[in-house]
Amino acid sequence: MDDDDDDIPQLSSHTLAALQEFYLEQQQREGMKTSQGFNQYSIGSIEEDWQLSQFWYSDETASHLANEAVVAAGKGGRIACVSAPSVYQKLKEQDGKDFSVCILEYDRRFSVYGEEFIFYDYNHPLNLPENLLPHSFDIVIADPPYLSEECLQKTAETIKYLTKGKILLCTGAIMEEQAAKYLGVKICKFIPKHSRNLANEFRCYVNYASGLN
């Protein structure tokens, strides 16, 4: 055996096991895509990027929020999903003809959704396409990517520009005071869940009589 082999980094048994589990999950996902037909709108079809602070909702939570948005928007309503792609995906799965929806998102992987995708950077909250008219959405559902006052304040500018009035905000429980300050929303009884357990408690906030209480 060559002495140089001693310099090769060795993975711990725990890391190896985690890698094997990751590759197995990928193989299973690929197998599902080929055997069942790939649904481009299913949650997880575009994987979370933790570097972008992406954490998808559980299927149950995404369905609950999507249904709430449809009811709140009303027949023929317009829904904007700001940094909330899993709710957008669940809305598209419904294939509803009584509402329209768009997704405002920083991650350009979601541009696969065509004209409904609008590139969005919360650092430039009003840098939006000209055809995105002010107060043109019946409800805006938003999930700011970071639990910071700056992120919430800037995202709030976008929300208030887009909505006719109704706001559904999802963010950390620790942001309750700031959410009320910038958007006038109140905490709901419904507790959103993510597909992976997060350390921070998440809550929903609204400024209208919702079905989340």
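As the structure is a computational prediction, the values presented were derived from the model and not from experiment. (Residues numbered from 1 in each chain as written. Predicted model: local features only at pLDDT ≥ 70, side-chain atom pairs only at ≥ 80, totals over all residues. Heavy atoms only, no water.)

Q: Sorry if this is basic, but what is going on with the pairing of strand β4 (residues 137-142) here?
A: Sheet faces and side chains relate simply in a regular strand, where the side chains alternate between the two faces. With six of six residues buried, β4 is to be regarded as a mostly interior element. Bridging between strand β1 (residues 77-82) and β4 involves four bridges; their strand directions are parallel. Bridging from a neighbouring strand, alanine 80 pairs with valine 140 of β4. On the question of chirality, the crossover connecting β4 to the parallel strand β5 (residues 163-172) by way of helix α4 (residues 149-162) is right-handed. (Buried < 20%, exposed > 50% of the residue type's maximum accessible area, 1.4 Å probe, protein only. Helix = DSSP H or I, 4+ residues; strand = E, 2+ residues; numbered from the N terminus. Pairing = 2+ DSSP bridges. Right-handed = clockwise from strand over helix to strand, strands pointing away.)

Q: Please clarify how the nonpolar core should be interpreted in this entry.
A: Soluble globular proteins tend to bury their nonpolar side chains together. Leu65, Ile79, Cys81, Val87 and Leu168 are the most contacted members of the largest nonpolar core, which has 30 residues in total. Of all the elements in the fold, those that place two or more residues in this core are α2 (59-73), β1, α3 (85-93), β2 (99-105), β4, β5 and β7 (202-206). Sorting elements by how many residues they give to this core places α2 first, with six residues. Listed in part, the 25 residues of the second largest apolar core include Cys102, Leu104, Leu132 and Leu183. (Core = buried A, V, L, I, M, F, W, Y, C linked by side-chain atoms within 4.5 Å.)

Q: I would appreciate a short explanation of α3 in the present structure.
A: Helical geometry: 3.6 residues make up each α-helical turn, so side chains three or four residues apart lie on a common side. Burial within α3 is extensive, with seven of its nine residues counted as buried. Contacts from the buried residues of α3 go to α2, β1, β2 and β4. Looking one or two residues past α3, aspartate 95 carries a phi angle of roughly 50°, positive in sign. (Contact = heavy atoms within 4.5 Å.)

Q: What is the right way to read the sheet that holds β5 from this model?
A: Two orientations exist for strands paired in a sheet by backbone hydrogen bonds: parallel and antiparallel. Within the open sheet, the seven strands sit side by side as β3-β2-β1-β4-β5-β7-β6. Their pairing is mixed. Of all the strands in the sheet, just β3 (117-119) and β6 (186-187) have a single pairing partner and so form its edges. Bridge count between β6 and β7: two bridges; the pairing is antiparallel. Looking at β7, one finds that lysine 186 is bridged to valine 206.

Q: Looking at this model, I keep getting lost on the packing of α2 against α3. Mind explaining?
A: Helices that pack against each other are described as a pair by the angle of their axes relative to one another and the distance between those axes. Look at α2 against α3: their axes get within 8 Å of each other, and the N-to-C directions meet at 70°. One element, α2, and the other, α3, form an angle in the roughly perpendicular class. Here Asp59, Ala62, Ser63, Leu65, Ala66 and Val70 of α2 lie close against α3, whose contacting residues are Ser86, Val87, Lys90 and Leu91. Looking at the contact of α2 with α3 residue by residue, the classes come out as six nonpolar, two polar and two charged. (Axes fitted to C-alpha atoms, helices over the stretch in contact; angles between N-to-C directions. Parallel < 35°, antiparallel > 145°, perpendicular 65-115°, else oblique. Nonpolar A, V, L, I, M, F, W, Y, C, P; charged D, E, K, R; others polar.)

Q: Would you take a moment to explain the packing of α4 against helix α5 (residues 176-183) for this structure?
A: Put simply, α4 and α5 touch, their axes get as near as 10 Å, and they point 35° apart. For the element pair α4 and α5, the recorded crossing hand is right-handed. Residue-level inspection shows Glu149, Leu152, Gln153, Ala156, Ile159 and Lys160 of α4 in contact with α5, the latter providing Gln178, Ala179, Lys181, Tyr182 and Leu183. Looking at the contact of α4 with α5 residue by residue, the class counts come to six nonpolar, two polar and three charged. (Left-handed = near helix turned anticlockwise from the far one by under 90°.)

Q: Any chance you could explain the packing of aromatic side chains here in plain terms?
A: Any two aromatic rings considered together are summarised by their centre-to-centre distance and by the angle between their planes. Scanning the model with the defined rule gives four aromatic pairs in all. On the numbers, 6.1 Å between centres and 45° between planes, the contact of phenylalanine 110 with tyrosine 113 is tilted. Three or more aromatic residues link up through ring pairs in this structure, and these residues are Tyr88, Phe110 and Tyr113. Sitting over the face of the ring of phenylalanine 137, arginine 78 holds its NZ or CZ atom 4.2 Å from the ring centroid. The lysine or arginine in question, lysine 166, covers the ring of tyrosine 208, its NZ or CZ lying 5.5 Å from the ring centre. (Phe/Tyr/Trp six-rings, centres within 6.5 Å; stacked < 30°, edge-to-face > 60°. Lys NZ or Arg CZ within 6 Å of the ring centre and 35° of its normal.)

Q: Even after reading the chapter, I still don't get the environment of lysine 97, so can you show me in this structure?
A: Within the secondary structure, lysine 97 sits in the loop between α3 and β2. Classification of lysine 97 by relative accessible area gives exposed; the value is 74%. For lysine 97 and glycine 76, which are 21 residues apart along the polypeptide, the C-alpha to C-alpha distance reads 7.9 Å.

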